[in-house]
Amino acid sequence: MSWAISVALESSIFPSRKSIAVDFGCGPGRLIGALKGRFDRVVGIDKSPTMLNLARRAHPEANVIFRESTKAIETHSVDLIYSTFVLQHLTQGELDECLFEFARILHSGGLLIFQYPARPRWTVLGAAFRLLPPVLLEAIQHYIVRYPGSMPMSWMAPEGLSRRAVACGLVIAEHRIGPRYTPNWEDVWYFARPSGESSADAGDDSV
């Protein structure tokens, strides 16, 4: 997150308003601390009740709240949305739903920072994702790797993802190859702004 924020600051696209930040796919809240020092309020979003309970215990402050979805967040109220290693596990339809929702809740001067794989690398695991059918990958995850559930992976070249973002109401201001967390994927970080101007700025009583 420090790297991504530095890129946004250097590119002069980091939001000037510091009212609300959203950590989408917050898990146990590891990144909340970096956001709550920069924004008045932080909303952690995760569909797992177990993860949300862990995050609440880690961040009991009154200005940090947690939700299972973004549906309760007021339109055009959020200044920063940050999401990494989450969207790649969604179906294409779910990805579009998220991008539409991000465009809805972002303030006109807000920023969305998210990571998405451009392609698998030619490692053993990367080649498996490139070449094996999804049903076989799911069986390997379940019976060999022993994942508690299936872990689908999707990827998309920056050009395709940029077109998808535009269709959902977002404009990619910049994208960069980012920190390498795994040898198996070429990860790209995207910095997106809402494409339309909000008719009225939301007040600070949202969420």
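Heads up: these notes are all about the structure in this document.

Reading guide: rules and limits
- Residues numbered from 1 in each chain as written.
- Predicted model: local features only at pLDDT ≥ 70, side-chain atom pairs only at ≥ 80, totals over all residues.
- Heavy atoms only, no water.
- Helix = DSSP H or I, 4+ residues; strand = E, 2+ residues; numbered from the N terminus.
- Buried < 20%, exposed > 50% of the residue type's maximum accessible area, 1.4 Å probe, protein only.
- Contact = heavy atoms within 4.5 Å.
- Axes fitted to C-alpha atoms, helices over the stretch in contact; angles between N-to-C directions.
- Parallel < 35°, antiparallel > 145°, perpendicular 65-115°, else oblique.
- Left-handed = near helix turned anticlockwise from the far one by under 90°.
- Phe/Tyr/Trp six-rings, centres within 6.5 Å; stacked < 30°, edge-to-face > 60°.
- Salt bridge = Lys/Arg side-chain N within 4 Å of Asp/Glu carboxyl O.
- Right-handed = clockwise from strand over helix to strand, strands pointing away.
- Arc of directions from axis to C-beta.

1. Description of the overall build of the protein chain
The number of helices and strands found in the protein chain is 7 helices and 7 strands. Moving toward the C terminus, one meets the helices and strands of the protein chain in the order α-β-α-β-α-β-β-α-β-α-α-α-β-β. Burial statistics for the protein chain: of 207 residues in total, 45% are counted as buried. Counted over contacts in the protein chain with a minimum sequence separation of 6, partners at least 24 positions apart contribute 70%.

2. Topic: the packing of helix 4 (residues 92–105) against helix 7 (residues 158–167)
Relative placement of two packed helices is described by the angle separating their axes and the distance separating the axes. For the pair helix 4 and helix 7, the least separation of the axes is 9 Å and the interaxial angle reads 55°. The angle between helix 4 and helix 7 falls in the class oblique. Between helix 4 and helix 7 the crossing geometry is right-handed. Seen from helix 4, the contacting residues are Q92, L95, D96, L99 and F100; seen from helix 7, they are L161, R164, A165 and A167.

3. What about the packing of aromatic side chains?
Going through the model one piece at a time under the given rule, you end up with 7 aromatic pairs. Judged by centre distance (6.1 Å) and plane angle (55°), the rings of F14 and F39 are tilted. Here F39 lies in the loop between helix 2 (32–36) and strand 2 (41–45) and F14 lies in the loop between helix 1 (2–10) and strand 1 (20–24), a separation of 25 residues in the sequence. With respect to burial, F14 and F39 carry one shared label: buried. Where F24 meets F102, the ring centres are 5.0 Å apart and the plane angle is 85°; that geometry is what we call edge-to-face. Of the two residues, F24 is situated in strand 1 and F102 in helix 4; the sequence distance between them amounts to 78 residues. The exposure classification of F24 matches that of F102, with both residues buried. Among the aromatic residues, those joined into a ring-pair cluster are W3, F85 and W189.

4. Quick look at the pattern of salt bridges
Following the criterion strictly, the structure yields 7 salt bridges and no others. For E61, the salt bridge is made with K36, and the minimal N-O distance between the two is 2.6 Å. Placement of E61 in the loop between helix 3 (49–58) and strand 3 (64–67) and of K36 in helix 2 is noted, with a sequence separation of 25 residues between them. Its relative accessible area of 24% is what places K36 among the partly exposed residues.

5. Comments concerning the pairing of strand 3
Burial along strand 3 is one-sided: V64 and F66 are buried, while I65 and R67, pointing the other way, are not. Each parallel crossover has a hand, and the one from strand 2 via helix 3 to strand 3 is right-handed.

6. Some thoughts on helix 7
Every buried residue of helix 7 is accounted for by P158, G160, L161 and A165. Buried positions in helix 7, seen along its axis, are confined to an arc of 160° and lie on one side of it. When the buried face of helix 7 is taken as reference, the exposed residues oriented beyond 90 degrees from it are E159, R163, V166 and A167. Among the structural elements, helix 4, strand 5 (106–120), strand 6 (170–177) and strand 7 (185–194) are those in contact with the buried residues of helix 7. Phi turns positive one or two residues past the end of helix 7, at G169, with a value near 95°.

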